[in-house]
Amino acid sequence: MSKPKVAFYWCASCGGCEETVVDLAEDILGVVEKVDIVLWPVAMDFKYKDIESMPDRSIVATLLNGAIRTSEQEEMAVLLRRKSQYLIAYGACAHLGGIPALANQFSREQILKFNYEDCPGMVNERKTRPQLHFEENGCSPHLPEFRNVVRTLDQVVDVDFYIPGCPPTPNLTKAAFDALLSGKLPPKGSVLAPDSALCDECDRKKTKPSDIAFLEFKRPHQALFDPEKCFLAQGVVCMGPATRSGCGAVCTSGNMPCTGCFGPTSRVRDQGAKILSSLCANIGPRDEEGINKVLEGIPDPVGTFYRYGLAKSLLRRKVNLPTSGNGH
Amino acid sequence: MTDPSKSPNGGWTPRIVAFFCNWCTYTAADLAGVSRLKYSSNIRVIRLMCSGRVDPQFILDAFSRGADGVLIGGCHPNDCHYVEGNYKMLRRFQLLKRMLADLGIEEQRLRLEWISAAEGEKVKRVVNEMTTQIKALGPLGMPEKFRDWDQEVIELAHHVEKSGAAACCCGSAAAPKDSKAEVAHV
């Protein structure tokens, strides 16, 4: 019998998720033994037409990382959806939008203008920008289109499972492979990680105060933190209470607060709104002036609470940005 | 059924979702009713036990489903039936309005008012004021915005579908899924 086929693909991402697959270390040998990798652009050479020529649903599982920003990424997502039995959103970007989705605070024009004209070090006197079509030496290349909106994978195609994290940890990846290969899969749409808050597996939980009154919020560069005490008790914004567990509390063990990359648990729809609710309710002062003084410690609520989840949030994007269809 | 966002003459009129606390503001709205005070019919009141129960998710959800404004009514400071609930709402409101501004939602679309059970007149004034302000702002129209934003994806999905149709008949390149299906507020 032929081995089950597996594909890895990347879209708007940094490469960290690919790194996690490699971080399986010797466990990867066990995986490679059991599956045929039919697509993995970061490590092996494949062409678009190789995928196109495969029969539909012939890939057992595609692990796709990265958010969807360009027409090429969309096209690959649609194609891989068709060729795969299971499409898995791998990592925070495919799952929630991730860091790239913070660009949903800016218009396409603002981003292109900054990157091709205004950013420090840019020399582009003719203000050249990438074009969809152009002529060069008798060839007419075609470039992907840069969309107005950053999307999660499931805002473009149907997704079967989600593996959270920025990046997902090797143990979650391995568990997902084990589940796939043994056929013991949870219901469609599940996030393949525990469904409890990060605090549950954080060593600092025993010092988490039951009653708290924030008098200030400190940011990570503004103080030296006690390595044992709950971050909330130290007046630090920690996304732990609004974030899914499963990472093994690696950040808090490394003396950094949780930034929320695993997204919310299944009971919460909007991670940012939920942590805002929780933190604010526990501010000490009762008068507007006093409250706002404490809140000065959170200068960028969108960037702090939706660091990985803006595309998947209830509003998805800054609401008054232009969207003129394809915008070109 | 008629479209609730349309006025009788067919023009747009604001939809304002109002979260009123059981003990003060909802009772005040009742008082306004029995006193035969007339206020604009643009609000849809949802009674909660306390303004402290207003999860910011409710507010974002209301906006994302088509509300043009959200009004929250609670007891005056020191009058909360549960002692602390209105302070919790006030603190959430302070940061939420800043965050909404960062996300491009005008300040007047979210309003917090303390209205005691005796202040039927204030319900009338606040609702009418807010309706006028939002009329001036125009619709927020999030559902329409979502549709507009996703147009670019739907076009390509159709295109790929068509080009792949010869090879395949089971491709299910879907229009973006309705994320509301999984809404749960706890």
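Asks: What's the story with the overall build of chain A in this structure? I'm lost.
Replies: Scanning chain A from N- to C-terminus turns up 11 helices and 7 strands. A compact globule built from 328 residues would reach a C-alpha radius of gyration of about 20 Å, and chain A, at 22 Å, matches this within 12%. Across its three principal directions, the C-alpha atoms of chain A cover 65 × 55 × 30 Å. Here chain A, with 328 residues, has 44% of them falling under the buried criterion. Here the contacts in chain A between residues at least 6 apart in sequence split such that 75% fall between residues at least 24 apart.

Asks: How should I be thinking about the nonpolar core in this particular structure?
Replies: Soluble, globular proteins show a tendency: their nonpolar side chains are buried together. The biggest cluster of nonpolar side chains holds 138 residues, and the ones touching the most others in it are Leu64(A) and Phe63(B). Sort the elements by how many residues they give to this core and helix H3 (residues 85–102) of chain B lands first, with 8 residues. Every residue in contact with Leu64(A), bar those within four places of it in the chain, is listed here: Tyr9(A), Cys11(A), Ala77(A), Leu80(A), Leu87(A), Ile88(A), Ala89(A), Tyr90(A), Ala94(A) and Leu153(A).

Asks: What's the story with the packing of helix H9 (residues 271–281) of chain A against helix H2 (residues 56–64) of chain B in this structure? I'm lost.
Replies: Two quantities define a packed helix pair, namely the angle between the helix axes and the distance between the axes. Look at H9(A) against H2(B): their axes get within 8 Å of each other, and the N-to-C directions meet at 145°. Residue-level inspection shows Ala273(A), Lys274(A), Leu276(A) and Ser277(A) of H9(A) in contact with H2(B), the latter providing Pro56(B), Gln57(B) and Leu60(B). In terms of residue class, the contact of H9(A) with H2(B) is made up of 4 nonpolar, 2 polar and 1 charged.

Asks: Quick question: what am I supposed to make of the pairing of strand S2 (residues 43–48) of chain B here?
Replies: If a strand is regular, its side chains alternate between the two faces of the sheet. Residues and elements named next belong to chain B. Pairing of strand S1 (residues 16–21) with S2 involves 6 bridges; the strand directions are parallel. Residue Phe-20 lies in a different strand from S2, and its bridge partner there is Arg-47. Read from S1 through helix H1 (residues 25–34) to S2, the crossover connection turns out right-handed.

Asks: So what exactly am I meant to see when it comes to the sheet that holds strand S1 (residues 5–10) of chain A here?
Replies: Strand pairing in a sheet relies on backbone hydrogen bonds, with the paired strands running either antiparallel or parallel. Residue and element names in this part refer to chain A. Reading across from one edge, S2-S1-S3-S5-S7 is the order of the 5 strands in this open sheet, with parallel pairing throughout. Edge strands, defined here as strands with exactly one partner in the open sheet, are strand S2 (36–39) and strand S7 (161–163). Going from strand to strand, the sheet's axes swing by 30° on average, the running direction of each strand aside. Note: strand S5 (residues 84–90) against S7, 3 bridges, orientation parallel. Following the sheet pairing, Ala-89 is matched in S7 by Tyr-162.

Asks: What is the right way to read the environment of Trp114(B) from this model?
Replies: Summarising the element assignment, Trp114(B) is placed in strand S4 (residues 110–114). Once the C-alpha coordinates of Trp114(B) and Asn86(B) are considered, the two residues, 28 residues apart in sequence, prove to be 8.6 Å apart.

Asks: Explanation requested: the domain arrangement of chain A in the structure shown.
Replies: Interfaces are frequently sized by the accessible area removed from exposure as the parts join. Domains assigned within chain A are domain 1 (5–99 + 147–182), domain 2 (107–146) and domain 3 (198–305). Placing the centre of domain 2 of chain A and that of domain 3 of chain A at their C-alpha centroids yields a distance of 40 Å.

Asks: I keep staring at the sheet that holds strand S3 (residues 69–74) of chain B and nothing clicks. Help me out?
Replies: All names here are of chain B. With parallel pairing, 4 strands are arranged side by side in an open sheet as S2-S1-S3-S4. Here the strands that pair on one side only, and so sit at the sheet edges, are S2 and S4. Ignoring strand direction, the axes of neighbouring strands in this sheet form an average angle of 20°. Each of S1, S3 and S4 is contacted by H2, which is oriented at about 150° to S3, the strand it contacts most.

Asks: What's the story with the environment of Lys293(A) in this structure? I'm lost.
Replies: Summarising the element assignment, Lys293(A) is placed in helix H10 (residues 288–295). Residues Lys293(A) and Ile275(A), spaced 18 residues apart in sequence, show a C-alpha to C-alpha distance of 19 Å.

Asks: Help me out: how do you make sense of the packing of H1(B) against helix H4 (residues 120–137) of chain B in this one?
Replies: All names here are of chain B. Viewed as axis vectors pointing N to C, H1 and H4 meet at an angle of 95°, and their least axial separation amounts to 7 Å. One finds that H1 runs roughly perpendicular with respect to H4. Counting all contacts with H1, which are made through Ala-28, Ala-29, Leu-31 and Ala-32, the residues of H4 involved are Gly-120, Lys-122, Val-123 and Lys-124. Of the residues assigned to the contact of H1 with H4, the class counts are 5 nonpolar, 1 polar and 2 charged.

Rules behind the numbers
- Residues numbered from 1 in each chain as written.
- Chains lettered and ligands numbered in written order.
- Predicted model: local features only at pLDDT ≥ 70, side-chain atom pairs only at ≥ 80, totals over all residues.
- Helix = DSSP H or I, 4+ residues; strand = E, 2+ residues; numbered from the N terminus.
- Rg over C-alpha atoms; globule rule 2.2 N^0.38 Å.
- Buried ≥ 20, exposed ≤ 12 C-beta atoms within 10 Å, placed from the backbone.
- Contact = placed C-beta atoms within 7 Å.
- Core = buried A, V, L, I, M, F, W, Y, C linked by C-beta atoms within 7 Å.
- Axes fitted to C-alpha atoms, helices over the stretch in contact; angles between N-to-C directions.
- Nonpolar A, V, L, I, M, F, W, Y, C, P; charged D, E, K, R; others polar.
- Pairing = 2+ DSSP bridges.
- Right-handed = clockwise from strand over helix to strand, strands pointing away.
- Domains from an automatic or database assignment.
- Parallel < 35°, antiparallel > 145°, perpendicular 65-115°, else oblique.

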